[in-house]
Amino acid sequence: MKKSKLVLIGNGMAGVRTLEELLKIAPDLYDITVFGAEPHPNYNRILLSPVLAGEQTLDEIVLNPLSWYEEHGITLHLGKKIDRIDRRNRLVSCADGTEAAYDRLLIATGSSPFILPVPGKDLDGVIAYRDIADTEAMIDAATKYRHAVVIGGGLLGLEAANGLMLRGMQVSVIHIASWLMERQLDDQAGDLLRKSLEARGLRFLLGAQTQALIGGKDGRVMAVQFKDGSEIPADLVVMAAGIRPNTALAESAGIHCQRGIVVNDTLQTTTDPRIYAVGECAAHRGIAYGLVAPLFEQGKVCATHLAQFGIGRYQGSQTSTKLKVTGIDLFSAGDFMGGEGTEEIVMSDPFAGVYKKLVIKDDQLVGACLYGDTVDGSWYFKLLREGRKIADIRDKLMFGESNIGDVGHQGHNKAAAMADADEVCGCNGVSKGAICKAIKDKGLFTLEEVRKHTKASASCGSCTGLVEQLIMFTAGGDYSATPKKKAICGCTDHSHQEVRDAIFAEHLTSMAAVHRFLNWKTPNGCATCRPALNYYLISSWPKEAKDDPQSRYINERSHANIQKDGTYSVIPRMWGGETTADELRRIADAVDKYKIPTVKVTGGQRIDLLGVKKEDLPAVWKDIGMPSGHAYAKALRTVKTCVGSEWCRMGTQDSTQMGKDLERAMWRMYAPHKVKFAVSGCPRNCAEAGIKDVGIIGVDSGWEMYIAGNGGIKTEVAHFFCKLKTAAEVLEYTGAFMQLYRKEGWYLERTVHYVSRVGLDYVKKKILDDAELRRQLWAELQHALDGEPDPWFEFDKAGVDLRQFEVVA
Amino acid sequence: MSEWKTVCQLEDIPVLGSRRVQRPLGPQVAVFRTADDRVFALLDRCPHKGGPLSQGIVFGESVACPLHNWTIALDSGQAAAPDEGCTAKFSVRVEEGCVLLNQYELDTIGIGLLPVVAGPCTRVG
């Protein structure tokens with residue numbers, strides 16, 4: 001079959017990214033031809049500022065070298081500007097007569113700087129700031145001339161001004177508004193920014209209106225004149241007063257344009273379905289995006305459509321801003337100005353150069369503007385995108401969460417302050433230098449890409465915030481423009497919540513049914529979605545949906561923890577951490593008989609036998625004769641207790657018995673993630689109940705219940721939940737909370753994250769205020785657990801495939 | 001060279017699962033069965049840190065290593081990009097419900113590899 005022809009007009013980041021996505025999924029579908037007006041292969045336009053500032057070289061910012069085009073058989077026309085699209089004959093052509101026929105046309109012509117329509121705008125030495133040629137002209141001017149004027153105190157203008165100043169010029173910035181970056185900052189933050197840039201040597205003329213550019217005898221600009229008649233000297237004038245989508249070509253072909261080339265959710269122009277547009281030239285739902293992450297999202301969707309998959313829709317992006325001037329930290333997102341109907345929380349410390357403003361409307365964060373300390377930017381952006389109610393965290397909101405865990409990166413929380421050799425990811429041993437190098441060398445833009453290539457932040461995730469900061473500094477991307485809704489994995493566009501909802505609402509009871517109903521893209525999922533779906537099915541429809549062992553991670557399939565050498569560990573259950581001489585004797589005998597190399601006491605008051613061969617597992621379980629500890633499962637693990645009033649002279653309650661009762665009531669309970677309880681007999685809290693999913697603390701008059709604590713990556717003290725009188729109440733309230741979490745938690749979401757997502761108030765409303773619902777949840781959990789097998793003994797009932805323990809020959 | 005050895009029946013391998021083939025020498029061989037009953041065999045060692053691929057989740061024509069989640073292609077043993085590495089593959093025949101591996105390959109491929117070790121034997125001093 002003859003291949004279809006795809007022509008790309010515009011050899012820039014958005015267009016080429018679309019091609020890359022397309023080649024990934026349909027490498028042989030099209031003969032591809034690319035036209036670029038610039039004489040360069042695709043480079044990272046965002047990094048022109050660091051090039052201007054002398055921090056990077058032009059070679060370093062090339063994203064796709066010429067060899068890339070060659071490798072993929074792409075015909076590349078550099079330095080050729082298309083000036084005509086003949087839609088009837090499906091032909092594009094340049095002034096020099098070069099032409100190309102297309103079956104599909106992709107327009108990615110980007111945008112141009114807005115040139116102020118003032119006298120003198122065509123003089124020598126007046127340039128825009130857009131491409132490599134402009135950057136080179138500026139670098140060249142800096143070696144010959146002294147006075148530079150930048151018109152426009154927005155993102156681009158300030159980056160240009162900073163770069164020229166670093167190259168030794170005296171730079172004045174003319175800005176029509178009364179503070180800098182008024183599109184991204186409020187007046188206070190804009191003021192702080194101005195002061196810190198002034199301290200570096202930039203001059204500002206705010207509220208100034210340019211009237212004319214005055215030329216000298218040599219035809220080169222020599223001064224800028226204002227409305228009030230005053231003048232300042234200028235040997236170089238850089239226009240950076242905004243950009244306009246390049247739509248002239250599309251318009252001349254009769255394609256509908258309004259603030260950009262109008263496209264639908266599959267990035268097709270509304271005029272001609274053979275023609276697509278992506279990037280800064282495209283207007284999607286009235287918005288032309290100028291930041292890289294939305295453009296890449298568009299590229300991805302466009303590619304799937306070009307590949308005739310017909311999946312995926314682009315539904316718009318929320319964006320955040322970050323200035324690429326080294327040493328200046330600012331961040332803004334959403335409606336940061338506030339106004340009628342909004343509330344503001346403001347923290348201002350002008351002396352230290354820190355300013356933070358959060359804008360709240362209808363109990364949701366709708367905007368944030370940070371200057372000087374932007375560590376929490378990504379957290380605020382997340383809250384903003386998710387639209388989470390913030391009443392319960394309002395008092396802490398300003399102080400941030402810092403989405404950076406406590407451990408694993410030497411306590412750093414500001415990436416910029418770290419040395420190249422400092423470790424960012426303690427799990428995988430990845431240094432700051434290695435991450436930055438990968439971002440530059442491989443052209444990475446998103447967290448997912450960095451995770452894939454470097455493994456940083458790919459294991460425990462505690463350094464995610466740091467990695468995001470590095471992406472921001474290095475690639476200059478708006479690092480967190482991930483869509484509001486996150487797909488479970490590459491097999492689907494649906495989020496965890498959507499899948500949960502569909503399984504429940506449509507009464508889906510098998511993985512095949514879920515795949516069918518939600519149009520899964522892969523025949524049998526992947527290692528990410530299968531365990532999640534399996535959990536959702538069995539937790540939504542207990543006794544109905546059948547557990548699928550092949551969709552469980554190996555630990556849950558073999559009911560033991562795999563170790564680095566392929567052996568397993570066995571942790572039997574010890575109710576409440578209590579054991580007997582008989583149990584210990586059986587354990588000791590098994591250790592001898594099966595030559596188990598290591599015996600270790602765990603942090604959860606149990607005993608761990610490490611290095612058991614897979615073949616020996618069933619026999620070890622049988623010999624030990626104790627129930628499964630589920631230490632390998634997303635399930636109830638330990639219930640840690642202190643000795644309590646039975647022995648302790650301080651004890652007020654029988655915490656050991658309470659712990660055993662809780663454990664017996666809820667063991668075999670699978671959950672979105674592992675679950676740990678603890679019960680202490682008095683407020684001295686020797687069982688460390690404050691960092692458990694449910695912590696119970698005995699007091700003289702009853703029990704205090706704490707929930708959603710965590711002792712892991714991010715130490716999080718549990719929240720006080722309620723005070724209870726009897727042991728029966730402790731069981732009911734704990735069970736009800738667990739069942740709520742089991743029904744609503746996303747797979748691999750610990751209670752700490754679940755509660756932070758839905759809010760503590762929400763959980764209180766369900767469990768404390770609604771007694772009937774609480775009793776119903778507790779009854780549901782008991783029903784689900786009733787008759788559940790012990791997988792170490794009831795193999796058939798637990799669906800344990802014994803063949804896995806034997807080898808074949 | 002062309003001797004083939006029956007290692008098990010197709011039915012002995014769970015769908016989207018695997019079995020381990022013991023050899024007199026060298027690491028075990030993992031045989032995998034896909035959803036549409038195709039069978040592949042790889043050396044039971046991930047090219048990354050030697051994890052036992054037989055214990056991974058099988059999906060499509062790939063298996064995810066249980067240790068660090070590398071994705072390995074069943075037909076070639078190649079790690080999915082951007083990870084780099086390859087594990088040895090074995091020829092497989094399925095005849096009348098029997099799964100056969102090539103005896104010569106069983107006798108030779110990966111025989112010299114040292115086992116992955118953990119635990120007290122790795123302690124220094």
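Nothing here was measured: the structure is a model prediction, and the numbers come from that model. (Residues numbered from 1 in each chain as written. Chains lettered and ligands numbered in written order. Predicted model: local features only at pLDDT ≥ 70, side-chain atom pairs only at ≥ 80, totals over all residues.)

Enquirer: Can you help me understand the sheet that holds strand β3 (residues 75-78) of chain A in this one?
Expert: Sheet strands pair via backbone hydrogen bonds, and the direction of the pair is either parallel or antiparallel. Residues and elements named next belong to chain A. Pairing within the open sheet is parallel, and its five strands lie in the order β3-β2-β1-β7-β19. Each of the sheet's edge strands pairs with one partner strand only, and the pair in question is β3 and β19 (275-277). For this sheet, the mean inter-axis angle between neighbouring strands, taken without regard to orientation, is 15°. In this sheet, β19 lies alongside strand β7 (residues 104-107) in parallel orientation, the contact comprising three bridges. Residue pairing across strands places L105 opposite I275, the latter belonging to β19. (Pairing = 2+ DSSP bridges. Helix = DSSP H or I, 4+ residues; strand = E, 2+ residues; numbered from the N terminus. Axes fitted to C-alpha atoms, helices over the stretch in contact; angles between N-to-C directions.)

Enquirer: Is there a simple way to think about the nonpolar core in this case?
Expert: General note: in soluble globular proteins, nonpolar side chains tend to be found buried as a group. A:F737 and B:V31 are the most contacted members of the largest nonpolar core, which has 114 residues in total. If you tally residues by element for this core, the top one is helix α21 (residues 727-744) of chain A, at seven residues. Each of two domains, domain 5 (496-552) and domain 6 (634-789) of chain A, supplies a minimum of three residues to this core. Setting aside residues up to four positions removed in sequence, A:F737 forms contacts with A:V694, A:I707, A:V763 and A:I767. (Core = buried A, V, L, I, M, F, W, Y, C linked by C-beta atoms within 7 Å. Buried ≥ 20, exposed ≤ 12 C-beta atoms within 10 Å, placed from the backbone. Domains from an automatic or database assignment. Contact = placed C-beta atoms within 7 Å.)

Enquirer: I'm lost on the interface of chain A and chain B in this one. Help?
Expert: Many authors give the size of an interface as the accessible area that is lost as the parts come together. Counting residues at the interface gives 27 residues for chain A and 31 residues for chain B. Counting residues per element, the ones that place at least two in the side of chain A that touches chain B are α12 (447-454), β31 (607-612) and β37 (807-808) of chain A. Class assignment for the residues of the side of chain A that touches chain B results in eleven nonpolar, ten polar and six charged. Here β37(A) runs beside strand β2 (residues 17-21) of chain B; their pairing, made up of two bridges, is parallel. Following the sheet pairing, A:V807 is matched in β2(B) by B:R20. (Nonpolar A, V, L, I, M, F, W, Y, C, P; charged D, E, K, R; others polar.)

Enquirer: Would you mind showing me how to read the domain arrangement of chain A here?
Expert: All names here are of chain A. Annotation of chain A at the domain level lists domain 1 (4-111 + 245-306), domain 2 (126-241), domain 3 (329-397), domain 4 (415-475), domain 5 (496-552) and domain 6 (634-789). Each of domain 3 and domain 6 has a C-alpha centre, and these two points are 33 Å apart. Considering only residue class, the side of domain 3 that touches domain 6 consists of one nonpolar, no polar and three charged.

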